[in-house]
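# Examining the three-dimensional arrangement
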Amino acid sequence: MDSILLRAFLETADAGSLSRAARQLGLSQPSLTGQIQRLEQELATSLFTRHGRGMALTEAGKTLYPRARRILEVMRETEDVVRREGAESHGVLRVGVIPTIAPYVLPDALRRWRARGDARGDADRVELREDYSAVLAKLLLDGMLDVVIAAQPYHFDHMDIESLGVDQLLVAVPAQHPAARAGRITLAQLREAPAVTLDPAHCLGEQVAGFCSSQQVQPSVVCRSAQLATVLELVGTGVGVSIVPAIAAVRHNTPQCAYVPLTDHSLQREIVAVWRRGASRPLHAQTFVECVRDVVRGW
């Protein structure tokens, strides 16, 4: 059985929905459907029953589920050992970082890591991957990365989470906005203002959308961007307002933008290191994570 097909099966079973599973895997729904159908054809049996609310395992699917997970775990352990020995023998550190952290943390963390010399072991080269949390989680589980630097509340299944610090969330407003003069913004003002937002594919975009929904804030979204830098530039031109990380506010501190807290609400996200559960942690990766923690605590 193909490991790709088994991963598609497990993700669909866990999500209970083809659309949800496709988003987690970074696939189109027709592509995922095709993978499930190929696995069912190989096994000559149906693994799911389709209903209005999603997908449910058949008896055959329930039988396959624990076995498929064990097969993939053995494959991951084997790949992990082989790749790790190869990477460590060549002194390579492989790090994944989400886009809303990478430009604000990586430069300082890398300078600190290189300066630590002996503390980082024999690693002399860094391979970086900037991508969405869901993509990085898959790469980490597959042994393609040593560690991922990300943010919660994104839920990393079957992984170990190490807290590195907290990043406050602020509301970015045009300099001429009344909230800029007041030094704070109310929910009422947030409801009334047009919004520039990150795509929900970003965990930050999903977190902000969840907060707004919980507070009955339904702003008129005038732009949905894949880049935080674009969001801040558009806020500065007066297009709208946006909820952004404090680390981004520090780096984009221009006269065109003001960054204010939301009245009576403490918004934040937790910066974390994500590790494969049960896997060994190379010295150079642990040293890099310590450097990231130092950067985060210095904000």
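In this report, we go over the structure that sits alongside the text. Each chain carries its own residue numbering, running from 1 in the direction its sequence is written. Thresholds applied to this predicted model are a pLDDT of at least 70 for local features of residues and 80 or more for the giving and counting of side-chain atom pairs; totals over whole chains, interfaces and linings are not thresholded and use all residues. Computation of side-chain values covers all heavy atoms of the structure but excludes hydrogens and water.

A separate point is the overall build of the protein chain. The helix and strand tally for the protein chain stands at 12 helices and 11 strands. Each principal axis of the C-alpha distribution contributes one length, and for the protein chain these read about 65 × 55 × 25 Å. Note on classification: 1.4 Å probe, protein chains only; a residue is buried when its accessible area is under 20% of the maximum for its type, exposed when over 50%, partly exposed between these limits. Going through the 299 residues of the protein chain one by one, you find that 48% of them count as buried. Contacts between residues were defined by any pair of non-hydrogen atoms, one from each residue, lying within 4.5 Å. In the protein chain, of all internal contacts separated by at least 6 residues, the share reaching a separation of at least 24 is 77%. Counting from the N terminus, the helices are the DSSP runs of H or I reaching at least four residues and the strands are the DSSP runs of E reaching at least two.

Let's shift gears to the state of the cysteines. Counting rule for disulfides: a pair of cysteine sulfur atoms within 2.5 Å. This model, assessed by the stated rule, comprises zero disulfides. Among the cysteines around Cys203, which has no disulfide bond, Cys212 carries the closest sulfur, lying 16 Å off. Here Cys223 is not cross-linked by a disulfide; its sulfur's nearest cysteine counterpart is in Cys257, at 13 Å.

Let's shift gears to unusual backbone geometry. For Gln216, which is not glycine, the phi dihedral falls at a positive 55 degrees. Checked against the element boundaries, Gln216 lands in the loop between helix H9 (203–214) and strand E8 (221–225). Classification of Gln216 as exposed rests on a relative accessible area of 58%.

Turning next to helix H2 (residues 18–25). Along H2, the residues that are buried comprise Leu18, Ala21 and Ala22. Projected onto a plane normal to the axis of H2, the buried residues spread over an arc of 100 degrees and lie on a single side. Buried-residue contacts for H2 involve helix H1 (3–15), helix H3 (29–43) and strand E2 (54–57). Of the residues one or two after H2, Gly26 is the one with positive phi, at around 70 degrees. As used here, the arc is the angular range of directions from the helix axis to the C-beta atoms.

To get an axis, fit a line to the C-alpha atoms, keeping to the stretch in contact for a helix; angles then go from 0 to 180 degrees between the N-to-C directions. Viewed as axis vectors pointing N to C, helix H5 (residues 102–115) and helix H12 (residues 283–297) meet at an angle of 125 degrees, and their least axial separation amounts to 8 Å. With respect to their mutual orientation, H5 and H12 come out oblique. The way H5 lies across H12 gives a crossing that is right-handed. Residue-level inspection shows Val105, Leu106, Asp108, Ala109, Leu110, Arg112 and Trp113 of H5 in contact with H12, the latter providing His284, Thr287, Phe288, Cys291, Val292, Asp294 and Val295. Put simply, angles under 35 degrees are roughly parallel, angles over 145 are roughly antiparallel, angles from 65 to 115 are roughly perpendicular, and the rest are oblique. Throughout, a crossing is termed right-handed when the near helix is turned clockwise from the far one, and left-handed when it is turned anticlockwise from it by less than a right angle.

Bringing a nonpolar patch on the surface into the picture now. What goes into a patch is any residue over 30% in relative accessible area without a salt bridge, connected to like charges within 9 Å or, for nonpolar side chains (Val, Leu, Ile, Met, Phe, Trp, Tyr), within 5 Å. Each accessible area is a Shrake-Rupley estimate made with a 1.4 Å probe; only the visible protein chains count as cover when residues are assessed. Any Lys or Arg side-chain nitrogen located within 4 Å of an Asp or Glu carboxyl oxygen qualifies as a salt bridge. Residues Met1, Leu43, Ile71 and Met75 make up a contiguous nonpolar surface patch of roughly 320 Å² in combined accessible area. The exposure class of Met1 is exposed, given its relative accessible area of 53%.

Among the structural elements, Glu192 can be located in helix H8 (residues 187–192). Once the C-alpha coordinates of Glu192 and Ser280 are considered, the two residues, 88 residues apart in sequence, prove to be 50 Å apart.

By the bridge criterion, nine bridges tie strand E6 (residues 159–174) to strand E11 (residues 268–276) in an arrangement that is antiparallel. Pairing of Glu162 across the sheet is with Ala273, part of E11. Pairs of strands are assigned from DSSP output, requiring at least two bridges between the strands. Pairing of E6 with strand E9 (residues 242–245) involves four bridges; the strand directions are antiparallel. Bridge pairing in E9 places Leu169 opposite Pro245. When E6 meets strand E10 (residues 257–260), the two strands line up antiparallel, connected through four bridges.

The angle between the axes and the distance between the axes are what describe a pair of packed helices. Across the interface, H1 lies against H2 with an axial gap of 8 Å and an inter-helix angle of 125 degrees. When the interaxial angle is binned, H1 and H2 end up oblique. Note on packing geometry: the crossing formed by H1 with H2 is right-handed. Taking contact as the criterion, the partners of Ala8, Glu11, Thr12 and Ala15 in H1 are, on H2, Leu18, Arg20, Ala21, Gln24 and Leu25. Considering only residue class, the contact of H1 with H2 consists of five nonpolar, two polar and two charged. When residues are grouped by polarity, Ala, Val, Leu, Ile, Met, Phe, Trp, Tyr, Cys and Pro land in nonpolar, Asp, Glu, Lys and Arg in charged, and all others, Gly among them, in polar.

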